[in-house]
Every structure is written in C-alpha cells, then in structure tokens.
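Here is what each chain is made of, one letter per residue.
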Amino acid sequence: MVAAAAGGDPLTERAALMRESLQKSQTITDGMVSILGSFDHRLSALETAMRPTQIRTHSIRKAHENIDKTLKAAEVVLSQFDTFRQAEAKILKGPHEDLESYLAAIDQLRNNLQFFTGNKSFKSTDAVLNHANSLLAKAISKLEEEFKQLLASYSKAVEPDRLFECLPSSLRPSTGSPGHQGDSGGTNPSHAHSDHHNGNLENAVYTPPTLIPPRILPLLHDLAQQMVHAGDQQQLLKDYRDTRSPVLEESLRKLGVEKLSKDDVQRMQWELLEAKIGNWIHFMRIAVKLLFAGERKVCDQIFEGFDSLRDQCFADVTASSVTVLLSFGEAIARSKRSPEKLFVLLDMYEIMRELHSEIEALFKGKACSEIRESALGLTKRLAQTAQETFGDFEEAVEKDATKTAVSDGTVHPLTSYVINYVKFLFDYQSTLKQLFQEFENGDDTSQLASVTMRIMQALQINLEGKSKQYKDAALTHLFLMNNIHYMVRSVRRSEAKDLLGDDWVQRHRRVVQQHANQYKRNAWAKILQCLSIQGLTSSGGSSAAGVGGDTGSSSGASRALVKDRFKIFNTQFEELHQKQSQWTVPDTELRESLRLAVAEVLLPAYRSFVKRFGPLVESGKAPQKYIKYGAEDLERMLGEFFEGKTNEPRR
C-alpha cells in the first residue's frame, strides 16, 4: 500500500505542481510590485523636476498671445488715428471743393468719436475726444453755411410767364398778367365759373414748376441730414424758412397778389373789386396747384426721413403766403353784403371746394393743422355769407323801392336784373345744392325750385307796386304784360322751366294774356265807342235835327252828329298814335300780336262805320276834313305803335 502511494498518485502530483506554480507566481508578483513602486517613485521625482520648465513654457505662450492682441489693438488705434487725420485734413479744406468727400469725412469723424468714446482707457483719449468734438462742431458750422449758401443760390422767385406755362391752356391769360388791375388777362368770376362747369378743367393737367434743380436736392438732403444728426434741427428750420419763405412771397407778388385789409376791400369800387376777386381765384389755383405743390416736393426731398421736420418746414415756408391769400377771401366774406356779390362769393366758394382735397394733401401733419383749419374756415365763411346774401336778394327784390319808372311801359331794369340773376343761379346748381346741404334740410332740387319760385313771386309783387305809378290804366297793363311776358319767355328758354314746371309757365302766360286784354279794354274802349251807332239815330229810326239844320239820309243819322263823331275819332286816334308810338313792347312776337289784336277790333268797326255813315259826310262840303283816314292808313299807323319813339301822324 505504501509502495502504491510512492508509486505516484496522480492527484497528489498535480497538487504538488500547482503549489509550486503558485509559489513562483507570487514571487514574480512581488518582484513586479517592487519594480513598479520604484517607477512611480522615479516618475514623481521626474515630474517634480519638470514642473518649473512647464511653468516657464506656459508663461512664454501667454506672453506671445498678449503681444499679438496688443499689436492688433494698436493697429486698430493707429488706424483710427490715421482715418481721423485724413478726415481732419478734408474738413479743414472746407466743403466747397468736394462736398461729397466733406460729408464722408464728417461721417468718418463721427465713427472716430464713437470709437474713442468707447475706449476711454487710453492715455490720450480725453484729448482726442476734445479735439474731435471741436473739429466736428466746426465742420457742422461750415455745413450750415454751405446749406444756406447752396439753398439761397438756387432759390429764385418764379416769373408769372413760367407759371402760366404750367397751367392748362384754358386758364392761360391771352394777354398780359392777371395780376394787373383790370387787366384783360385776369380770369373774372364768370369766366372762371364757366370754365369750371363746362368741363374744361375737370381733367386739366397742372405741372408744378421745378423750384430747385433736381441735381441739387440730394446735396441739400445730405447737408440737412448731417445737421439733424448734429442736433441742429432748429437752426436748419430757421435757415430753410428764412430762405424759401421770401422767395415764395416774391413769386406771388410778381403774379399780382396784394396784401389787402378788410378796410381796403370796403373802400374799393365794385368794378375794381370784382376784377381783383377774379384774379384771386386764379391766384389760388396757381398758388395751391403749382407753387405750394412745387414747394412741398422740394421739402419732401430735402427732408426725406424726417417727417415732423419736413412738415414743420413746409408749414413755416408757406404760412405767410397762405395768410395773404386767405385774408383777402376773409375780407370779402366779411364785407358788407350786396346782391351783386353773390356770384363772386359762389365762385370763391367753388375754388375753395375745388382745392380742398389738395390743400388737405399738401398741408398734412400736425404742423400744418392751423393752415388746414384756416382754409376750411374760409370755405365755411364764404358758404355762410353766400347763403345770407341769397336771402338778402329775395327780400331786396320784393322791397325794391326804385323810383325810376319806365315811361314807355317796357321791361323794367329790375325785371331783367332779377331774371339774369336767376339764370346765373342755374349755372351754379351744383354749388347751390352744396350750400343747401350745409344749411338746409330736404331735397336739394326742391330747395332750389322753392327759392326760385319765391324770387319770381317777389319780383311780381314789386312790379305790381311799380305799375301803380302810371296814371294811364292802359300803360299799367302794358307794363305788367311786358314784364311778366319777359319772365315767362326767359323761364321757357332756360333750365328754370324744368325746375318751375309747365304749370308755372302756363299760369303766367294766362296772366300775360289777361293784361293784354285789360290794355285793349282801357286803351280802345272809348274810341270804339265813337264808331258805334249809339246816339246817332233817334228811336224808331226817324231823323233828328242836326246842327245847322242838316238832316240825315236813309241812315236816319244826323250829318252833324256823324261829322262830330269822325272829328272825335280822328282826334282820339291821333292822340293814341302819338302816345302809344312812344310806348314799347320789346318782344317782336308780342308786339305784332298786340297790334293784330287791336286791328282785329278797330279796323272792322271803322270800315263798318265809314261804310254806313260815310255817304252823309261825302255828300257835304270838305269830306276829307272828317274822313281823314282810310282803313289802310289806320293799319299802317297801328304798325307804328309800341316802337318806343315819337312819331308824327302821317296821312
């Protein structure tokens, strides 16, 4: 059994081998740990030895980086100093040689200031800033002078002829300047109104004049921009106003615009004042559509980007000129009212309404609000005065106390005046409707019809009063016949017919006929009585004793009475001829109609009387002494009635 164990048990052998291997591995491990421990000690010593060298290397690298940064910063500073010197050199030369370079130099100087203001740690920063600010102040001062000089050199008053060329052809004066008093070149109110309403001006083209050359405007804009950036807005505003405002005023003065007070207007003769009003209407168009429009364009371009300053400059430049123009309108609107002023007031009201939208567009912004309000105020004042004048006219027609009588019974001046007045009113229909919209309620057309009707009624009432001045009743009716016929004819030939209606026309035509019949009755009844047989024959047809013992023939009439009748007829007809040849019926158709109406009554009666009683006279002595006229003679003489001139009876 011992032999077997000695003989080599496999398990035991394996165990012995493993023990031996483990012992060797432990020995190796212990040896490696010892070696590694030695390395760690040596590395630690090496690291300690290398640390000073690493620190010096890092410091050197940082130093290089700082040097690079410093060099770059120095380059920037030096560059700023270099551009500063360049800008300074250009600024010291002044803006005259090269304005664009001068402006660029100012921009560069501003950049330099901004740089040094943000880098005040530099040793000499304060000195540089003081010098730069002083230089900038001098530069801006020179810019201001340059702006004033450049603006002034290109600001010239616009000559009238140049303005006329900018107008539509229908508004260009044919001769002379509308600014001259009483000049034919002026646009009087009726002409202005006619052009306005016949459509000539609806699509008219107005071309505002070039007030400053386009090539100069960008330079002025750049100069203005620099002054604004420098905080010199008020100085800029003053310079612009002081230069442009007098130029605009001079342009209007050359055109003919005058400064007239309310007292000046009150003292002026109407003919002269009417001409000045016509010119004022023309001036308003030129001022708003040409001069103010041109000035607005200049302002907008020079002050582009500065809205409030732009509007303020425009308001300041135009304020004086606008005041002169509107003050004249106010003086007219506030002057003593009279009927002849109505149409010029309407003309003035029309031009203000025509220009309203343009005034609102040109004078925009808060700075121009006062000017806009003044223009609107004048428009309302003109409308109110026109409305009041309209009312005055109706009352004046009814109460007209003119003592001037028309001795020939023709159309009275008041009638023609009122009818012409009404005709003109219809030229202003659209304007009057606008007035009625502002001051009345109801339909515009019915308002105009009502006013026209009242004016016609007032005229008729006045004419009836004037007709009572005549002592001859026949002339009274002839006068009323003439005047009402004139009213009817005028209405039928005008737009008033559509407004007043056929009923008004027919009703007044009947009135004309009634007065014609009354004329015939009053003028011819007495002479027709001479041609009647009444009183010539005795009852039962027996003869009556005549003067001188003459007796009638089979007619049963006394020769003496017949002779007396012929003598009375001749005398009365000659008197009528003498008198009524001086009377006037101005309308040809009415005159012929009236003559015919008289002839249709008179001539048959005369022929019948001569035929029946003529033989009694013809058989006696000197029959031509009694039968002086034949029917043809009477007809010819009737043809001389109502001619308005003295005619001796012709045989």
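That block above? That's the structure.
Reading the values: the criteria
- Residues numbered from 1 in each chain as written.
- Predicted model: local features only at pLDDT ≥ 70, side-chain atom pairs only at ≥ 80, totals over all residues.
- Heavy atoms only, no water.
- Patch = residues over 30% accessible without salt bridge, like charges linked within 9 Å, V, L, I, M, F, W, Y side chains within 5 Å.
- Areas by Shrake-Rupley, 256 points an atom, 1.4 Å probe, with all protein chains shown as cover.
- Salt bridge = Lys/Arg side-chain N within 4 Å of Asp/Glu carboxyl O.
- Helix = DSSP H or I, 4+ residues; strand = E, 2+ residues; numbered from the N terminus.
- Buried < 20%, exposed > 50% of the residue type's maximum accessible area, 1.4 Å probe, protein only.
- Axes fitted to C-alpha atoms, helices over the stretch in contact; angles between N-to-C directions.
- Parallel < 35°, antiparallel > 145°, perpendicular 65-115°, else oblique.
- Left-handed = near helix turned anticlockwise from the far one by under 90°.
- Contact = heavy atoms within 4.5 Å.
- Phe/Tyr/Trp six-rings, centres within 6.5 Å; stacked < 30°, edge-to-face > 60°.
- Lys NZ or Arg CZ within 6 Å of the ring centre and 35° of its normal.
- Expected span 1.5 Å × (residues − 1).
- Polar contact = N/O pair within 3.5 Å; in protein donor to acceptor, adjacent residues only side chain to side chain.

Q: Would you mind showing me how to read a nonpolar patch on the surface here?
A: Side chains of Ile28, Met32 and Ile35 sit close together on the surface and give an oily, nonpolar patch of about 290 Å² of accessible area. Examined against the element boundaries, Met32 turns out to sit in helix H2 (residues 10–93). A relative accessible area of 43% places Met32 in the partly exposed class.

Q: Mind showing me how you'd approach the packing of helix H17 (residues 473–492) against helix H19 (residues 502–530) here?
A: For any two helices packed against each other, one specifies the inter-axial angle together with the distance between the axes. Axis separation between H17 and H19 bottoms out at 8 Å; the angle between their running directions is 160 degrees. Overall, the two elements H17 and H19 adopt an arrangement that is roughly antiparallel. Viewed along their axes, H17 and H19 form a crossing whose handedness is left-handed. Residues Ala473, Ala474, His477, Leu478, Leu480, Met481, Ile484, His485, Met487, Val488, Val491 and Arg492 of H17 form the contact with H19, whose own contacting residues are Trp504, Val505, His508, Arg509, Val511, Val512, His515, Ala516, Gln518, Tyr519, Asn522 and Ala523.

Q: What is the right way to look at the pattern of salt bridges in this model?
A: Note on pairing: side chains with opposite charge can pair once their charged atoms come close. One pass over the full model with this rule turns up 31 salt bridges. One salt bridge connects Arg241 with Asp316, and the closest N-O pair in it is separated by 3.6 Å. Remark: Asp316 occurs in helix H11 (residues 307–334) and Arg241 occurs in helix H8 (residues 233–255); sequence separation between them is 75 residues. Between Arg310 and Asp300 there is a salt bridge, and its shortest N-O distance comes to 3.5 Å. Here the residue Arg310 occupies a position in helix H11, and Asp300 occupies one in helix H10 (residues 270–302), the gap between them amounting to ten residues. Taking relative accessible area as the criterion, Asp300 reaches 25% and is therefore assigned partly exposed. In the salt-bridge network here, residues are joined through shared partners; they are Arg296, Asp300, Asp307, Arg310 and Asp311.

Q: Any chance you could explain the packing of aromatic side chains here in plain terms?
A: Aromatic ring pairs: the centre-centre distance and the angle between the two ring planes describe each pair. Per the stated rule, a full pass over the model turns up 21 aromatic pairs. Aromatic pair Phe569 and Phe573: ring centres 6.0 Å apart, planes at 15 degrees, arrangement stacked. In this pair, Phe569 and Phe573 are both assigned in helix H20 (residues 559–580), four residues apart and thus about one turn of the helix distant. Judged by relative accessible area, which is 0%, Phe569 ranks as buried. Given the relative accessible area of 0%, Phe573 is considered buried. Stacked on the ring of Tyr206, the Lys or Arg Lys289 has its end atom at 4.6 Å from the ring centre. Above the face of the Phe314 ring, Arg296 is positioned so that its terminal group lies 4.7 Å from the ring centre.

Q: How should I be thinking about H17 in this particular structure?
A: Turn by turn, an α-helix covers 3.6 residues, leaving residues three or four places apart pointing in a common direction. The terminal C-alpha atoms of H17, which comprises 20 residues, lie 28 Å apart, in line with the 28 Å expected from a rise of 1.5 Å per residue. In terms of burial, H17 is a largely internal element, 17 of the 20 residues being buried. Where H17 begins, the capping side chain belongs to Asp472, and its oxygen is found 2.8 Å from the backbone nitrogen of Ala474.

Q: I tried to follow the environment of Leu236 on my own but got confused; where do I start?
A: Here Leu236 lies in helix H8. Along the sequence, Leu236 and Phe147 sit 89 residues apart, while their C-alpha atoms lie 8.6 Å from each other.

Q: Even after reading the chapter, I still don't get helix H7 (residues 217–229), so can you show me in this structure?
A: Helix length check: H7 (13 residues) gives 18 Å between terminal C-alpha atoms against 18 Å at 1.5 Å per residue, within 8%. A positive phi of about 85 degrees marks Gly231, the residue just after H7.

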